[in-house]
Amino acid sequence: MSNTASEVIQSDVFIVTGSNTPENHPIIALQMKAAVMKHGAKLIVIDPRRSELCDFATLWLPIKPGTNVPVFSAMAHVILKEN
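The rules behind the values
- Residues numbered from 1 in each chain as written.
- Predicted model: local features only at pLDDT ≥ 70, side-chain atom pairs only at ≥ 80, totals over all residues.
- Heavy atoms only, no water.
- Salt bridge = Lys/Arg side-chain N within 4 Å of Asp/Glu carboxyl O.
- Helix = DSSP H or I, 4+ residues; strand = E, 2+ residues; numbered from the N terminus.
- Buried < 20%, exposed > 50% of the residue type's maximum accessible area, 1.4 Å probe, protein only.

Draft legend 1. Region of the structure containing the pattern of salt bridges. Summed over the entire model, instances satisfying the criterion amount to three salt bridges. With a closest N to O distance of 2.2 Å, K33 and E52 form a salt bridge. Of this pair, K33 sits in helix α2 (residues 26-39) while E52 is found in the loop between β2 (42-46) and β3 (59-61), placing the two residues 19 residues apart along the sequence. Residue K33 is classed as buried on the basis of its relative accessible area of 11%. Judged by its relative accessible area of 38%, E52 is partly exposed. A salt bridge links D47 to R49, with the nearest nitrogen and oxygen atoms 2.8 Å apart. For D47, a relative accessible area of 4% puts it in the buried group.

Okay, here's the thing in structure tokens:
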């Protein structure tokens, strides 16, 4: 995570990749779900596995296993190109 647990509920967008957050960090997952349902936060899940968080996601990218590096390289390219 790049945020503290107390900042989760205040976030506008979450990107979850390679994590089954409800299983590994249930309190954080509850806070993320609350942010989505109560505050309109956006949730992006990037994972080949469908987890419970996908039910709350604005976007689920079910990438093929082993393709996470190209996905993040593409994201970095767009971020740099579009400032």
